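# Observations on the model geometry
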Protein chains: 4
Amino acid sequence: MRTANIIITCPDGPWIIRSVTDFLFVHWGNISFLEEHNEDHQFFMRVQWELENFNLSSEKEFLDSFDPILKKFDMEISLDFDNNKKRLGLFCSREWHCLLDILSRQLLWELEVEIPYVASNSPDMKELVEKLGFTFYHIPTEKWSDEHEKGFLEIIRKHPTDVIWLARYMKILSHDFIEKADQKIINVHHSFLPSFVWAKPYNEAHERWVKLIWATSHYVIPELDQWPIIEQQVKRVKHSHDIDHLKLIWRECEKEVFAFAIRKHIENKLVVYKNRTIVFE
Amino acid sequence: MRTANIIITCPDGPWIIRSVTDFLFVHWGNISFLEEHNEDHQFFMRVQWELENFNLSSEKEFLDSFDPILKKFDMEISLDFDNNKKRLGLFCSREWHCLLDILSRQLLWELEVEIPYVASNSPDMKELVEKLGFTFYHIPTEKWSDEHEKGFLEIIRKHPTDVIWLARYMKILSHDFIEKADQKIINVHHSFLPSFVWAKPYNEAHERWVKLIWATSHYVIPELDQWPIIEQQVKRVKHSHDIDHLKLIWRECEKEVFAFAIRKHIENKLVVYKNRTIVFE
Amino acid sequence: MRTANIIITCPDGPWIIRSVTDFLFVHWGNISFLEEHNEDHQFFMRVQWELENFNLSSEKEFLDSFDPILKKFDMEISLDFDNNKKRLGLFCSREWHCLLDILSRQLLWELEVEIPYVASNSPDMKELVEKLGFTFYHIPTEKWSDEHEKGFLEIIRKHPTDVIWLARYMKILSHDFIEKADQKIINVHHSFLPSFVWAKPYNEAHERWVKLIWATSHYVIPELDQWPIIEQQVKRVKHSHDIDHLKLIWRECEKEVFAFAIRKHIENKLVVYKNRTIVFE
Amino acid sequence: MRTANIIITCPDGPWIIRSVTDFLFVHWGNISFLEEHNEDHQFFMRVQWELENFNLSSEKEFLDSFDPILKKFDMEISLDFDNNKKRLGLFCSREWHCLLDILSRQLLWELEVEIPYVASNSPDMKELVEKLGFTFYHIPTEKWSDEHEKGFLEIIRKHPTDVIWLARYMKILSHDFIEKADQKIINVHHSFLPSFVWAKPYNEAHERWVKLIWATSHYVIPELDQWPIIEQQVKRVKHSHDIDHLKLIWRECEKEVFAFAIRKHIENKLVVYKNRTIVFE
């Protein structure tokens with residue numbers, strides 16, 4: 001069944017749900033899902049409706065008709081009309097378990113996205129990625145530099161996407177890059193945000209015999225300590241696990257939170273508000 | 001902030017959400033939460049609104065005004081107007097970990113309910129329950145009998161409640177009793193419904209060295225194998241756990257699923273449809 | 001550091017630990033890990049020691065010297081001397097998420113095994129498996145038959161392995177096949193053993209709005225309802241998840257329990273006793 | 001069956017396991033459980049044996065005979081001979097969910113300990129604790145002071161115990177107090193150690209819409225940021241949970257990690273090494 005969905009963010013106030021559901025009523029759109037949240041005088045809603053009988057036949061037509069409501073309530077929206085296929089770029093470095101997990105899911109038709117490229121500052125994965133049928137770019141770099149970021153920006157411009165996924169891309173992106181990339185960036189991090197931003201997490205976790213290890217997926221914004229959290233996961237460990245064993249378990253956490261974030265992003269179920277993320281069901 | 005909420009169940013069709021939100025609009029009720037689900041041509045919705053400014057000032061007034069919508073869409077509803085305090089009766093037998101957990105939560109003001117009585121076919125808990133300030137009834141019985149159920153029915157009639165909680169009440173209630181009790185009954189079971197309805201679960205689980213044990217909370221309906229599931233939980237176990245250790249872990253599962261079911265029931269977030277339960281967020 | 005380890009199973013009795021640790025003492029083997037379990041008058045132990053200074057330099061030498069102890073206590077043993085690389089064969093059918101997960105782990109050097117072949121009754125994966133550098137056999141079959149099992153047995157004989165992994169191999173293996181294959185077989189099953197052996201688990205789980213779904217990895221023995229359980233895992237689901245969504249979550253469970261079983265098998269940490277499995281730490 | 005167990009910590013070296021198991025052999029003690037760990041050139045072992053036939057009939061006799069081994073390997077030991085009943089003191093403040101959970105477990109015969117007293121800087125719980133049959137001390141204090149700690153120390157001296165449990169005791173104990181108390185102290189903390197030592201954890205967690213909340217149980221040592229972790233637990237939360245809801249979920253985490261730590265302590269399965277804790281199975 002063909003559906004559309006929209007995420008709405010606007011200052012809270014009365015009658016927003018009513019106005020939106022009324023609009024869909026008038027245009028013969030039958031609502032199949034609706035979820036909302038209020039916080040800090042801010043209103044958030046995701047509503048999904050059936051396109052059968054809906055008398056606005058395109059994204060453009062919808063936006064034109066919806067414009068008065070959008071303006072009245074000062075809404076920001078994220079519209080997914082007729083489940084248009086997301087396009088996403090993948091960055092990685094020398095650790096490629098998250099990358100391989102995502103490519104496998106794509107090969108298994110679990111994601112239904114387009115992945116126009118994989119870009120890495122390491123050539124290790126080139127052969128495998130290409131064998132699997134994806135385009136691979138290697139941006140060689142001895143150390144991080146403007147020159148290096150330029151190479152990545154060229155790829156981004158050549159292959160327009162909706163989002164960049166950092167599948168264990170081990171460099172911190174500059175403010176300048178984030179601004180020029182001009183799209184959402186999702187990262188997986190070996191920390192339990194907002195804390196545990198450790199340089200050598202495996203060693204420090206082992207040093208203290210922590211009982212759980214963790215990973216976090218998040219949107220990338222310029223302020224490092226303010227990254228909006230999408231998902232967090234932990235796994236149980238024991239004092240008897242050596243560092244290599246911890247690393248393997250850490251990988252599982254990282255793959256899980258990354259895959260979760262990707263699925264939610266594809267389904268248009270994430271909305272960032274300041275340094276926080278709402279995850280709709 | 002004072003709120004009301006309603007759960008609506010009716011045959012699916014267009015414009016139900018619209019009609020309900022419109023009704024609340026007309027009566028100045030600002031919606032603070034809305035969640036819905038469709039399945040099998042059946043529509044389920046829970047909507048919560050603020051009572052400040054709402055111009056229907058009582059449950060009765062609401063029901064009178066809402067009646068045309070209710071009739072038009074052939075709705076069944078569960079209304080919680082101004083968070084009226086739930087009243088619940090507690091039944092137990094010789095295993096009283098779930099009972100003590102619930103009474104503790106009540107003493108800690110976690111539940112905000114009224115518990116007019118605790119009834120048991122064993123006198124073991126009498127002293128402790130009374131010390132904690134609750135009314136205790138002992139319905140002595142050598143074996144299960146009509147006579148015995150009659151004793152429980154008298155208590156139920158003497159203390160009208162919204163729901164009966166079976167906190168490890170180890171008898172199967174008769175069809176006749178369920179009908180006469182004429183209210184929702186919530187049970188916790190040492191099985192992983194709809195399977196594992198084992199007579200001696202500890203022994204059988206130990207016999208096969210299962211890796212997880214479990215519990216289920218559910219509504220009681222006459223058909224044993226069709227109990228609508230409210231919540232399920234598992235805990236990890238090992239081959240080295242003996243039966244006594246398994247029992248202790250089992251208790252933790254039972255307490256968790258029971259407490260979860262009770263909280264959701266109090267918040268008016270459960271709706272039964274045939275042999276299934278929707279659990280709203 | 002080079003190590004060896006042995007799993008010992010024998011009738012319980014005094015002085016077994018003492019005899020084994022004494023033997024290792026006499027031969028200059030320093031113990032780095034020891035775990036044991038008693039049950040049903042049966043004794044189970046896994047002990048690991050360092051090979052540096054150990055004065056028995058091969059599996060054969062060890063077995064010759066250890067023989068008197070083995071005979072005295074009527075032991076069955078599983079010896080892993082100097083972490084000899086395991087060889088394993090992979091069977092699959094049309095669902096290949098578990099297969100792709102295992103091959104990915106092998107490509108990421110997480111497993112350190114040899115995978116001499118992948119065999120399937122479906123040709124779907126041939127191209128991808130070969131691209132990834134593995135040998136692929138397609139045993140075509142319209143329906144299950146002796147002829148078909150013969151094809152698989154030929155592959156098994158051509159490529160001797162320590163274990164066969166059924167990565168969602170959707171046929172039930174005959175007693176005759178299991179006997180002739182003459183090696184351990186590990187399977188992943190979409191049930192919560194020993195129950196929930198449903199024909200259409202996705203539909204039945206959805207039908208009852210269960211709150212958790214599950215998977216089990218186990219050894220294959222001829223008696224279907226007695227499969228020794230290696231690992232079980234559950235994931236939380238909601239009434240709002242449709243069947244396709246349940247299937248995706250089910251896949252995650254299946255991959256996890258399968259990967260867990262494989263790692264434990266490679267590390268020589270599993271021992272089957274009747275219809276049960278001990279999983280050493 | 002009567003058993004004894006011992007935890008041994010000593011510098012790592014060859015033949016320690018052998019010496020201990022040999023000692024038990026010579027004295028007719030049949031080993032029923034053995035677990036060990038090596039790290040940082042340090043050796044840790046817990047061994048449990050049957051007392052039937054064991055020819056050392058008391059703790060003192062054991063210690064006398066074992067002394068040469070103890071001295072040879074420079075061992076520190078924790079001996080639990082014939083499951084001698086632990087005695088423990090309970091401190092709490094105004095939040096008493098952990099206290100009530102522990103007292104309930106004691107009333108349910110889950111713990112088999114002696115609880116000679118409950119001490120609190122708040123009188124809130126006095127009536128309930130005494131009704132439940134425990135001795136209650138109120139040490140009134142406007143603010144934390146030496147005077148106040150003196151009151152607690154008097155209680156500790158009057159009722160000798162093996163361990164003090166801080167069931168949400170919301171004061172930081174002074175170095176002086178910890179030294180004078182001269183026994184193990186176990187605490188439950190609303191942080192995810194070693195990070196998240198937040199002053200207002202509920203608010204900060206809510207502020208960032210974290211996806212998991214947590215608690216940690218740990219031994220108390222004077223260095224705040226070095227507390228040895230015993231157990232950690234997390235629970236899943238959503239952006240839609242308000243602060244009151246987060247607090248309720250936090251309580252569940254706190255009760256779980258506290259009960260876990262207490263059980264492990266009672267079973268003599270915890271050993272602290274520097275700022276870390278080994279938790280034996």
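The rules behind each value
Residues numbered from 1 in each chain as written. Chains lettered and ligands numbered in written order. Predicted model: local features only at pLDDT ≥ 70, side-chain atom pairs only at ≥ 80, totals over all residues. Heavy atoms only, no water. Least-squares fit on C-alpha atoms with pLDDT ≥ 70 in both. Contact = heavy atoms within 4.5 Å. Phe/Tyr/Trp six-rings, centres within 6.5 Å; stacked < 30°, edge-to-face > 60°. Helix = DSSP H or I, 4+ residues; strand = E, 2+ residues; numbered from the N terminus. Buried < 20%, exposed > 50% of the residue type's maximum accessible area, 1.4 Å probe, protein only. Lys NZ or Arg CZ within 6 Å of the ring centre and 35° of its normal. Pairing = 2+ DSSP bridges. Axes fitted to C-alpha atoms, helices over the stretch in contact; angles between N-to-C directions. Parallel < 35°, antiparallel > 145°, perpendicular 65-115°, else oblique. Left-handed = near helix turned anticlockwise from the far one by under 90°. Nonpolar A, V, L, I, M, F, W, Y, C, P; charged D, E, K, R; others polar. Buried area = accessible area lost by both parts, 1.4 Å probe. Salt bridge = Lys/Arg side-chain N within 4 Å of Asp/Glu carboxyl O. Polar contact = N/O pair within 3.5 Å; in protein donor to acceptor, adjacent residues only side chain to side chain. Core = buried A, V, L, I, M, F, W, Y, C linked by side-chain atoms within 4.5 Å. Right-handed = clockwise from strand over helix to strand, strands pointing away.

Here we come to the relation of the copies chain B and chain A. For the match of chain B to chain A, the screw axis carries a shift of 0.0 Å, the RMSD comes to 0.0 Å, and the turn is 180 degrees. The transformation relating the two chain copies, once decomposed into turn and shift, fits a two-fold axis. Minimal C-alpha separation from the rotation axis in chain B is found for Glu-35 of chain B, amounting to 2.7 Å. Both copies contact each other with a shared surface, as 100% of the interface residues of chain B are interface residues in chain A too.

The next point concerns the packing of aromatic side chains. For the coordinates displayed, the defined rule picks out 94 aromatic pairs over all chains. Summarising the aromatic geometry, the rings of Trp-49 of chain B and Phe-62 of chain B are spaced 5.4 Å apart at their centres and angled 20 degrees between planes, so their arrangement reads as stacked. Linking Trp-49 of chain B in strand β3 (residues 42-50) with Phe-62 of chain B in helix α2 (residues 59-72), this pair joins segments that are 13 residues apart in sequence. There is no split in this pair, since Trp-49 of chain B and Phe-62 of chain B are both buried. With centroids separated by 6.4 Å and ring planes inclined at 40 degrees, the aromatic side chains of Phe-54 of chain C and Phe-62 of chain C adopt a geometry described as tilted. Across the pair, exposure class does not vary: Phe-54 of chain C and Phe-62 of chain C are buried alike. The structure contains a cluster of three or more aromatic residues connected by ring pairs, namely Phe-192, Tyr-202, Trp-214 and Trp-250 of chain A together with Phe-192, Tyr-202, Trp-214 and Trp-250 of chain D. In this arrangement the basic side chain of Arg-276 of chain D is found over the ring face of Trp-209 of chain A, its NZ or CZ atom lying 4.8 Å from the centre.

Residue and element names in this part refer to chain D. One open sheet holds the seven strands; their spatial order is β7-β6-β5-β8-β9-β10-β11, and the pairing between them is mixed. The open sheet is flanked by β7 (136-138) and β11 (229-236), the only strands paired with a single partner. With strand direction ignored, the average angle separating the axes of adjacent strands in the sheet is 15 degrees. Of the pairings in the sheet, the one linking strand β10 (residues 212-219) to β11 comprises seven bridges and is antiparallel in character. Bridged to Leu-212 within β11 is Arg-236. Sheet strands touched by helix α3 (residues 97-107): β5 (87-92), β6 (114-120), β8 (163-166) and β9 (184-189). Its angle to β6, the strand with the most contacts, is close to 160 degrees.

Here we take up the packing of helix α1 (residues 16-26) of chain A against helix α1 (residues 16-26) of chain B. One way to put it is that α1 of chain A packs onto α1 of chain B with a least axis distance of 9 Å and a crossing angle of 140 degrees. It follows that α1 of chain A is oblique to α1 of chain B by the angle criterion. For the crossing formed where α1 of chain A meets α1 of chain B, the hand is left-handed. Across the interface between the two elements, Ile-17, Arg-18, Thr-21, Asp-22 and Phe-25 of chain A of α1 of chain A pack against Ile-17, Arg-18, Thr-21, Asp-22 and Phe-25 of chain B of α1 of chain B. Looking at the contact of α1 of chain A with α1 of chain B residue by residue, the class counts come to four nonpolar, two polar and four charged.

For the rest of this paragraph, the subject is the interface of chain B and chain A. Of the residues lining the interface, 20 residues belong to chain B; the matching set on chain A comes to 20 residues. Both sides together, the interface formed by chain B and chain A hides about 1700 Å², and carbon and sulfur atoms give 58% of it. Taken together, chain B and chain A are joined by two salt bridges. Close ionic contact of Arg-18 of chain A with Asp-22 of chain B constitutes a salt bridge, the shortest N to O distance being 2.6 Å. Where chain B meets chain A, there are nine residue pairs in polar contact (both at pLDDT 80 or more). Looking at the side of chain B that touches chain A, the elements that each hand over two or more residues are α1 and β2 (31-39) of chain B. Looking at which element gives the most residues to the side of chain B that touches chain A, the answer is β2 of chain B, with seven residues. Grouping the constituent residues of the side of chain B that touches chain A by class yields nine nonpolar, six polar and five charged.

We now examine the interface of chain A and chain D. If you look at the interface, chain A gives 39 residues, while chain D gives 39 residues. Summed over both sides, the interface of chain A with chain D buries roughly 3400 Å², with 54% coming from carbon and sulfur. Between chain A and chain D we count eight salt bridges in total. Measuring nitrogen to oxygen at the nearest pair gives 3.7 Å for the salt bridge that ties Glu-207 of chain A to Arg-276 of chain D. Taken together, the connections running from chain A to chain D amount to 24 residue pairs in polar contact (both at pLDDT 80 or more). Of all the elements in the fold, those that place two or more residues in the side of chain A that touches chain D are β2 (31-39), α7 (201-207), β10 (212-219), β11 (229-236) and β13 (276-279) of chain A. With seven residues, β11 of chain A is the single largest residue contributor to the side of chain A that touches chain D. Here the side of chain A that touches chain D is built from residues that sort into 18 nonpolar, ten polar and eleven charged.

What follows covers the nonpolar core. Leu-90, Leu-99 and Trp-165 of chain B together with Leu-90, Leu-99 and Trp-165 of chain D are the most contacted members of the largest nonpolar core, which totals 74 residues. Other than its neighbours up to four places away in sequence, Trp-165 of chain B contacts Leu-88, Gly-89, Leu-90, Phe-91, Ile-102, Ile-186, Phe-258, Ile-262 and Ile-266 of chain B. By size, the runner-up hydrophobic cluster in this structure holds 73 residues, among which are Val-113 of chain A together with Leu-90, Cys-98 and Val-129 of chain C.

Let us look at the pairing of strand β8 (residues 163-166) of chain A. Residue and element names in this part refer to chain A. Here β8 shows no split at all, with Val-163 and Trp-165 on one side and Ile-164 and Leu-166 on the other all buried. Inspection of the sheet shows strand β5 (residues 87-92) paired to β8 by four bridges, in the parallel sense. Bridge assignment links Leu-88 to a residue of β8, and that residue is Val-163. Pairing of β8 with strand β9 (residues 184-189) involves four bridges; the strand directions are parallel. When the sheet's bridge partners are listed, Val-163 is paired in β9 with Lys-184. One crossover worth recording links β8 to the parallel β9 by way of helix α6 (residues 175-181), and it is right-handed.

Honestly, it's all geometry; don't read function into it.
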